[in-house]
Amino acid sequence: MAGLFDKQADLYLDGRPTYPARWYSMLADHTLHHSLAWDVGTGNGQAALGVAEHYEQVIGTDVSEAQLKRSLTHPRVRYFHTPLSMSDDEIISLIGGENSVDLVTVAQAVHWFDLPKFYSLVARLLRKPGGILAVWCYSGAAVSPAFDSALKRFHDSTLPFWHADAQLVFEGYKRLPFPFESVGLGSEGKPLELDMPKELSFDGFLKMISSWSAVVTAKEQGVDLLSQSVVQELETAWGGSKLVRSVIAKAFMLAGKVKL
């Protein structure tokens, strides 16, 4: 899926929700060491910065140079472009060598990956014992009955423009293959359900849904899913463009260690 998110890189930076700080504390409590973490599909580095509060060094990688150009700086985070042409051995050398990584994180991205290839890399890189892989996604949002109904109508209009792999997100990663031993934070077929609360104005929410890949894909095909009438319907249901509301996105996490 290289290049899919290049065109909305600015919208990603401004519009994507943040992940709760307690998630990173929770993950850190499940690793024996806190020397090195790898955030894969890091985008602008949102998750990498959260991980950096608990690990001495974090490496964020992405296939999208456009996303990395907008990465958020942190003294313990380094970013690298990892094009699809890189070999497994090159990536392992770049990250730190086999059996060196305490935590691997993938936020809202693993469904785009070549999973057998990625999981093989993770198995080689994770510290054994004590290292874990954590992947998560979010889908949907609860605001109010009136707005939730309007949002569902909008979301239904986007369905023809999503890549097939996005269906894994809509299902909350329930069908995502995950061949790792459970650490009590979700397992294959049984993801851990989490809430992602955020205070947003309607303008902020509009930025978020404008960054959806389906919205960008539709626009490239000449279909404006966020037409003036659709935006007006959503704004009215929200209660006005400047009104700040509590938005609760539903998230789903799987975490595990290498099976020995």
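Just so you know, these numbers come straight off a predicted model, no measurement behind them.

Caption draft 1: The packing of aromatic side chains, seen in detail. Under the defined criterion, the tally for this structure stands at 18 aromatic pairs. Residues Tyr 119 and Phe 180 carry aromatic rings whose centres are separated by 5.3 Å and whose planes lie at 80 degrees to one another, so their mutual orientation is edge-to-face. With a gap of 61 residues between them, Tyr 119 in helix α6 (residues 115-125) and Phe 180 in the loop between α8 (167-170) and β6 (181-182) connect regions that are remote in the sequence. Comparing Tyr 119 with Phe 180 shows no difference in burial state: the two are buried. When the ring of Phe 205 is compared with that of Trp 238, the centres are 5.4 Å apart and the planes differ by 40 degrees; the resulting orientation is tilted. Placement of Phe 205 in helix α9 (residues 202-210) and of Trp 238 in helix α11 (residues 228-238) is noted, with a sequence separation of 33 residues between them. On the basis of relative accessibility, which here comes to 1%, the residue Phe 205 falls in the buried class.

Caption draft 2: Region of the structure containing α6. Within the sequence span of α6, burial applies to Leu 115, Phe 118, Tyr 119, Leu 121, Val 122 and Leu 125. Here the buried residues of α6 occupy an arc of 155 degrees about the axis, which is enough to place them on one side. Packing partners of the buried residues in α6 comprise β1 (36-40), α5 (88-95), β4 (103-107) and β5 (132-142).

Caption draft 3: Spatial organisation of the pattern of salt bridges. One pass over the full model with this rule turns up 10 salt bridges. One salt bridge connects Arg 124 with Asp 89, and the closest N-O pair in it is separated by 2.9 Å. Linking Arg 124 in helix α6 with Asp 89 in helix α5, this pair joins segments that are 35 residues apart in sequence. Looking at Arg 124, the relative accessible area reads 26%, which means it is partly exposed. We note a salt bridge from Glu 98 to Arg 124, for which the minimum N-O separation is 2.8 Å. Highlighted residues: Glu 98 in the loop between α5 and β4 and Arg 124 in helix α6, separated in sequence by 26 residues.

Definitions and cut-offs
- Residues numbered from 1 in each chain as written.
- Predicted model: local features only at pLDDT ≥ 70, side-chain atom pairs only at ≥ 80, totals over all residues.
- Heavy atoms only, no water.
- Phe/Tyr/Trp six-rings, centres within 6.5 Å; stacked < 30°, edge-to-face > 60°.
- Helix = DSSP H or I, 4+ residues; strand = E, 2+ residues; numbered from the N terminus.
- Buried < 20%, exposed > 50% of the residue type's maximum accessible area, 1.4 Å probe, protein only.
- Arc of directions from axis to C-beta.
- Contact = heavy atoms within 4.5 Å.
- Salt bridge = Lys/Arg side-chain N within 4 Å of Asp/Glu carboxyl O.

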